[in-house]
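Spelled out, the chains give:
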Amino acid sequence: LGADSDQPAPPPPPGDGTGIARPRNVMSGLRPRAAGEYAWSPDSAWLAFVASDDTEFSSVYVWNVAENNVTRVTENSYNAAEPTFTPDGLFLYYLSDAAIESGSASPYGARGSEPNVQNEQRLMCLPLRAGFACPFHGGDELNPHGGVAFDPSIGARFKTKIHFPGIEKRAVAAPFVPKRAYAGLKVLGDGRTFIAETKDDVGWYLVVVDVVAGTFAPFFPDPIATIVSGDGEVVVLATDKGLALFSARAIAMAGRGVPQEQLLHSAQLWNPPPAFTVSVNPRKEWMQMYDEAMRNMRDAFYDPNMHGVDWAATTETYRPLVYKMTHKSDLRDVLTQAFGELSVLHVFISIRDDDE
């Protein structure tokens, strides 16, 4: 790892002592002007995120905190999503729809006027250093021993370094992970186990992937949400029966032959007590929805000049109407009037009227 990789440099102070965070401009010129799916490197020196450019493909970028520069690390000829660093800081995993396949028997489909492209993704492993092989790599003349699983503590003891020349070409697909639609990719504490949700004809279900053993195993059907602790050691599944707390080590066993029923019985189930309540102020909630809708339109609108409309002034012009609302559905009318100031077609507003 190099003699100069002893201890990570301390991060810059979060503010000026006033308790207010100091904003920094990371990237501009995005189309649409938005980014998301953030993931920090173990030493907090790099921030990976997904953004789209003029190609309209989403790519993975990394931001160097110390130098305040941004570099694209995946090709912009396909979509990449949900980047995540391994705990050792040596690999970046993400989902990719590269090498997409058509479900049509002919170039124009059986009767359709255009190809029918399947919504399929692959799990990609990107070595951040040249010469490193992914853990599932079987070996070749340059790496005769194949990939290895590194000690997760490396990420805490050494700086995360990225060798950028040719980095887009170093990504390798995990060959044992089927091509499917995935969501919620997360790495667990040991760095060799990943969880994600995929779906079949019935619904979504959680799967466990062991990139060292090369296994792919179903674990739990129809999770409402999946949360992984900051250290990657605890997994919380929100289910219709309550919150189930699992050890990450127990879930990792799903990819190593341990019966699913045995692992599910290892969970600790938590249910809210009878007196558990949540207080909601509808008017504050509606105002937050209004602010978020106006901000999203500002950030994602194709014309940075907003068709010559002063969007900040427009936001304040229609704000008094939100205070007069008596039901959440009234927000549709307010936003319709506000968005109408842009004089643009194909703008749709959908607001659920129920309070679920």
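What counts, and at which threshold
- Residue numbers restart at each chain and count upward from 1, following the sequence in its written direction.
- Given that this is a predicted model, residues contribute local features only at a pLDDT of at least 70 and side-chain atom pairs are listed and counted only at 80 or more, while totals for whole chains, interfaces and linings are drawn from all residues.
- Here the side-chain values reflect all heavy atoms present in the structure, with hydrogen atoms and water set aside.
- Confidence of the predictor at the level of single residues is given by pLDDT, which spans 0 to 100.
- For the purposes of this entry, the term helix denotes a DSSP run of H or I that reaches at least four residues, the term strand denotes a run of E that reaches at least two, and both are numbered from the N terminus.
- It only takes one pair of heavy atoms within 4.5 Å for two residues to be counted as in contact.
- Expected helix span is taken as 1.5 Å per residue step, with the number of steps being one fewer than the number of residues.
- Exposure is judged per residue with a 1.4 Å probe applied to protein chains only, and the accessible area is read against the type maximum: over 50% gives exposed, under 20% gives buried, and values in between give partly exposed.
- Under the rule applied, a polar contact is a pair of N or O atoms within 3.5 Å (in protein, one hydrogen donor and one hydrogen acceptor; residues adjacent in sequence only if both atoms are side-chain atoms).
- Think of it this way: DSSP has to see at least two bridges between two strands before they count as a pair.
- Helix axes use the C-alpha atoms of the stretch in contact, all axes being lines fitted to C-alpha atoms, and the angles between their N-to-C directions lie in the range 0 to 180 degrees.
- Working definition: roughly parallel below 35 degrees, roughly antiparallel above 145 degrees, roughly perpendicular at 65 to 115 degrees, and oblique for all remaining angles.
- A clockwise turn of the near helix away from the far one marks a right-handed crossing, whereas an anticlockwise turn of less than a right angle marks a left-handed crossing.
- Residue polarity is assigned by list, with Asp, Glu, Lys and Arg as charged and Ala, Val, Leu, Ile, Met, Phe, Trp, Tyr, Cys and Pro as nonpolar; anything else, Gly included, falls into the polar class.
- To form a nonpolar core, buried Ala, Val, Leu, Ile, Met, Phe, Trp, Tyr and Cys residues must be joined to one another through side-chain atoms within 4.5 Å.
- Patches in this entry comprise residues that are over 30% relatively accessible and not in a salt bridge; like charges within 9 Å are linked, as are nonpolar side chains (Val, Leu, Ile, Met, Phe, Trp, Tyr) within 5 Å.
- Computed by Shrake-Rupley with a 1.4 Å probe, the accessible areas treat only the displayed protein chains as cover when residues are assessed.
- In what follows, salt bridge is the name for a side-chain nitrogen of Lys or Arg lying within 4 Å of a carboxyl oxygen of Asp or Glu.

Help me out: how do you make sense of the confidence of the model for the chain in this one?
Low-pLDDT stretches of the model should not have their predicted coordinates read in fine detail. Mean pLDDT for the chain: 80, with 77% of residues reaching 70 or above. For the chain, helix α1 (residues 154-157) is the element with the lowest average pLDDT, namely 67, and helix α5 (residues 311-323) is the one with the highest, namely 95. Residue range residues 1-10 is modelled with pLDDT below 50. Its contacts to residues more than four positions away, or to other chains, number 20 contacts.

Can you help me understand helix α4 (residues 282-300) in this one?
Within an α-helix, residues lying three or four positions from one another point in the same direction, as the helix has 3.6 residues per turn. Compared with an ideal rise of 1.5 Å per residue, which puts 19 residues at 27 Å, α4 spans 27 Å between its outermost C-alpha atoms and is within 8% of the ideal. Along α4, the positions that sit buried rather than exposed are W286, M287, Y290, A293, M294, M297 and D299. Contacts from the buried residues of α4 go to α5 and α6 (330-340). Its side-chain oxygen 3.1 Å from the backbone nitrogen of R283, N281 forms the N-cap of α4.

I'm lost on the sheet that holds strand β1 (residues 35-40) in this one. Help?
Two orientations exist for strands paired in a sheet by backbone hydrogen bonds: parallel and antiparallel. Spatially, the four strands line up as an open sheet ordered β1-β2-β3-β4, and their pairing is antiparallel. Two strands in the sheet have a free side with no partner beyond their single neighbour: β1 and β4 (69-72). If you compare each strand with its neighbour and ignore which way they point, the axes differ by 30 degrees on average. In this sheet, β4 lies alongside strand β3 (residues 58-64) in antiparallel orientation, the contact comprising four bridges.

Even after reading the chapter, I still don't get the packing of α5 against α6, so can you show me in this structure?
Two numbers describe a pair of packed helices, the interaxial angle and the distance between the axes. Relative to each other, α5 and α6 sit at 155 degrees, their axes nearing to 10 Å. Here α5 is positioned roughly antiparallel relative to α6, judged by the angle of their axes. α6 is crossed by α5, and the crossing has right-handed handedness. Between α5 and α6, the residues in contact are W311, T314, Y318, L321 and V322 and V334, Q337, A338 and F339, respectively. Class assignment of the residues belonging to the contact of α5 with α6 gives a composition of seven nonpolar, two polar and no charged.

In this structure, what is going on with unusual backbone geometry? I would like to understand it.
If a residue is not glycine, its phi is most likely negative; likewise, a peptide bond is most likely trans. Within the chain, E37 stands out as a residue other than glycine whose phi angle is a positive 55 degrees. Inspection of the secondary structure assignment puts E37 in strand β1. If you check the backbone angles, H346 has positive phi at about 60 degrees while not being a glycine. For H346, a relative accessible area of 69% puts it in the exposed group.

Even after reading the chapter, I still don't get the pairing of strand β9 (residues 182-187), so can you show me in this structure?
As a general feature of sheets, a regular strand has side chains that alternate between the two faces. Across four bridges, the pairing between β9 and strand β10 (residues 193-199) is antiparallel. What sits directly across from V187, in β10, is F194. Adjacent in sequence and paired antiparallel, β9 and β10 are bridged by five residues, among which G191 carries a positive phi angle near 85 degrees.

Help me understand the nonpolar core, please; the structure alone is not making it clear to me.
Soluble globular proteins tend to bury their nonpolar side chains together. If you look at the biggest cluster of nonpolar residues, it comprises 20 residues, and the most contacted ones within it are Y290, W311 and L335. Ranked by residue count, the leading element in this core is α4, at six residues. If we skip the residues at most four places from it in the chain, W311 touches M294, M297, R298, M306, A338, F339 and L342. V60, Y94, M124 and L128 belong to the second-largest nonpolar core, a separate cluster that totals 18 residues.

Help me out: how do you make sense of a nonpolar patch on the surface in this one?
Among the surface-exposed residues, V234, L245, W270, F276, V278 and V280 lie close enough to one another that they form a single nonpolar patch of about 560 Å² accessible area. By the secondary structure assignment, V278 is in the loop between β16 (268-270) and α4. Take V278: its relative accessible area is 63%, and that puts it in the exposed class.

Quick question: what am I supposed to make of the pattern of salt bridges here?
Where charged atoms from two side chains of opposite charge come close, those side chains can pair. This structure, assessed with the given rule, holds seven salt bridges. As a salt-bridge pair, E75 and K169 come within 2.9 Å of each other at their nearest N and O atoms. Note that E75 is positioned in the loop between β4 and β5 (80-85) and K169 in the loop between α1 and β8 (172-173), a separation of 94 residues in sequence. A salt bridge links D210 to R192; its shortest N-O distance comes to 3.0 Å.

Sorry if this is basic, but what is going on with the pairing of strand β12 (residues 215-221) here?
With six bridges connecting them, strand β11 (residues 204-210) and β12 associate as antiparallel partners. Each bridged residue has a counterpart across the sheet, and for D210 the counterpart in β12 is T215. Taken together, β11 and the strand that follows it, β12, pair antiparallel across an intervening segment of four residues, in which G214 is found at a positive phi of about 70 degrees.

I would appreciate a short explanation of the sheet that holds β5 in the present structure.
Ordered in space as β5-β6-β7-β8, the four strands form an open sheet in which the pairing is antiparallel. Edge strands, defined here as strands with exactly one partner in the open sheet, are β5 and β8.

Even after reading the chapter, I still don't get the environment of R180, so can you show me in this structure?
Within the fold, R180 resides in the loop between β8 and β9. Overall, the relative accessible area of 26% leaves R180 in the partly exposed class. For the pair R180 and K199, spaced 19 residues apart in the sequence, the C-alpha separation amounts to 7.9 Å.

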